[in-house]
Amino acid sequence: MKRLNVKAYAKINLAIDVLGKLPSGYHEVAMVMQQIELHDKVCVKWMPNKQQHTEEADIIIDLNSNKNFLPKDERNLAYQAAQLIIDRFDIGQKLGSGQLRIDIKKQIPVGAGLGGGSADCAAVLHALSKIWNLNLSTQELCDLGALLGADVPFCIMGQAGQTAALAEGTGTKLTPIRGIDSWLVLAKPPISVSTAAVYKGFGLLEDKNFERPDIKQLVSAMDEKNFAMATKNIINMLENFTRNAYADVMLAKNTLIAETSPAKAVMSGSGPTIIGFYENKEKAEIAYSKMAPLYKETFLTKTMDCSIE
């Protein structure tokens, strides 16, 4: 048996600028993304059968989670990641039949705009590359991840130690950058939001004269470790649709601002999670103590190491 434990880190969007719609139907975006210390724990085990190798070798994927409502079949991105590796590299033919067990201990809230499913998917790709001695490069893993979801390549890049990136195009063109160093409080309202529905709703808005992030200035401020300038440009344009379409999102943001006075508050991804940014742990701990009684899924965490090679 071969086994590997991997931490699957959540991501936040420091900024999302929607630039337009592409011929493919997807939106062109410019985003700044960063991993945070909140993570799922993914354990991948490969248990080959002892019987003689045959050409009709079957590999059974057994996916389990501490959250019973999560799908355990091909509807799950982590399952899809395993199946993609098995099919792409003819693992059954090369190694014979066996059982692949994937255990996911969820700590990242589901449907929260924090990339939990993508992080688990990236963890499985990373783990299987090692367990099955495929020796895939980060770029090769990112190319595979892009087939499964727009956030997966960034999560893979984070597994390789690059924890912040400028994402362009549909979100898969990644440039490593220095991230922001900040304590965070995450508050997720008790709803889930469809990413596709948010982009569709944003696209239908007649007036798009919203405040936009200056992505170049944000990246420069983070590189210079200028916290005040960075937070000035932490803006998510999708928030203009989500917070008006979902009253719970607007309430969560207004509550976090009124109760905790963060340096900045912003929605992550398509929502509904609201993020408060704090300059030190003490302020974040006070903020957490105020928000935790109001929202069951409230988390105190911080951004990952913001260094870049």
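Treat the numbers as computed from the prediction; the structure is a model and nothing was measured.

With that settled, the discussion passes to the sheet that holds strand S7 (residues 183-188). Here four strands make up an open sheet; going across it, the order is S8-S9-S7-S10 and the pairing antiparallel. The open sheet has two edge strands, strand S8 (264-267) and strand S10 (297-302), and neither has a second partner. Across this sheet, the average inter-strand angle for adjacent strands is 20 degrees, counted without regard to direction. Inspection of the sheet shows S7 paired to S10 by six bridges, in the antiparallel sense. Considered in S10, the bridge of Ala187 is made with Thr298. Sitting on the sheet, helix H11 (residues 281-291) is in contact with S7, strand S9 (274-278) and S10, with an inclination near 15 degrees to S7.

Moving on, we come to the state of the cysteines. Under the counting rule described, the total for this entry stands at zero disulfides. Counting only cysteine sulfurs, Cys155 is the nearest neighbor of Cys142, a cysteine outside any disulfide, at a range of 9.8 Å.

Right, let's talk about the pairing of strand S4 (residues 98-105) for a bit. Strand direction decides the pairing type here: strand S2 (residues 27-48) and S4, joined by eight bridges, are antiparallel. Among the inter-strand pairings, Cys43 is bridged to a residue of S4, identified as Asp103. Bridge analysis of strand S3 (residues 59-65) against S4 gives seven bridges, and the strand direction is parallel. Residue pairing across strands places Ser65 opposite Ile104, the latter belonging to S4.

Right, let's get into the environment of Arg101. Within the element layout of this structure, Arg101 appears in strand S4. Through-space distance from the C-alpha of Arg101 to that of Cys43 is 8.0 Å; in sequence the pair is 58 residues apart. In this view, Arg101 contacts Cys43, Val44, Lys45, Met47, Asp62 and Asn64; residues no more than four positions away in its chain are not counted. At 2.8 Å, the side chain of Arg101 forms a polar contact with the side chain of Asp103.

What follows is about the side chain of Asp17. With respect to the helices and strands, the residue Asp17 is situated in strand S1 (residues 2-21). One polar contact links Asp17 to Arg212, side chain to side chain, over a distance of 2.8 Å.

Moving on, we get to the environment of Gly158. Checked against the element boundaries, Gly158 lands in helix H5 (residues 152-159). Residues Gly158 and Pro176, spaced 18 residues apart in sequence, show a C-alpha to C-alpha distance of 9.7 Å. Discounting residues that sit within four places of it in the chain, Gly158 has contacts with Gln35 and Thr163.

This paragraph deals with the pattern of salt bridges. Following the criterion strictly, the structure yields 12 salt bridges and no others. Residue Asp17 is joined to Arg212 by a salt bridge in which the shortest nitrogen-to-oxygen separation is 2.8 Å. Taken as a pair, Asp17 in strand S1 and Arg212 in the loop between helix H6 (195-204) and helix H7 (215-223) lie far apart in primary sequence, 195 residues in all. A residue is classified by how much of its surface remains accessible, and Arg212, at 42% relative accessible area, is partly exposed. Notably, a salt bridge pairs Lys302 with Asp181, separated by 3.5 Å at the nearest N-O pair. Taken as a pair, Lys302 in strand S10 and Asp181 in the loop between strand S6 (173-176) and S7 lie far apart in primary sequence, 121 residues in all. What you see here is one network of salt bridges that share partners, running through Asp40, Lys106 and Asp120.

Cut-offs used in this document
Residues numbered from 1 in each chain as written. Predicted model: local features only at pLDDT ≥ 70, side-chain atom pairs only at ≥ 80, totals over all residues. Heavy atoms only, no water. Pairing = 2+ DSSP bridges. Helix = DSSP H or I, 4+ residues; strand = E, 2+ residues; numbered from the N terminus. Axes fitted to C-alpha atoms, helices over the stretch in contact; angles between N-to-C directions. Contact = heavy atoms within 4.5 Å. Disulfide = S-S within 2.5 Å. Polar contact = N/O pair within 3.5 Å; in protein donor to acceptor, adjacent residues only side chain to side chain. Salt bridge = Lys/Arg side-chain N within 4 Å of Asp/Glu carboxyl O. Buried < 20%, exposed > 50% of the residue type's maximum accessible area, 1.4 Å probe, protein only.

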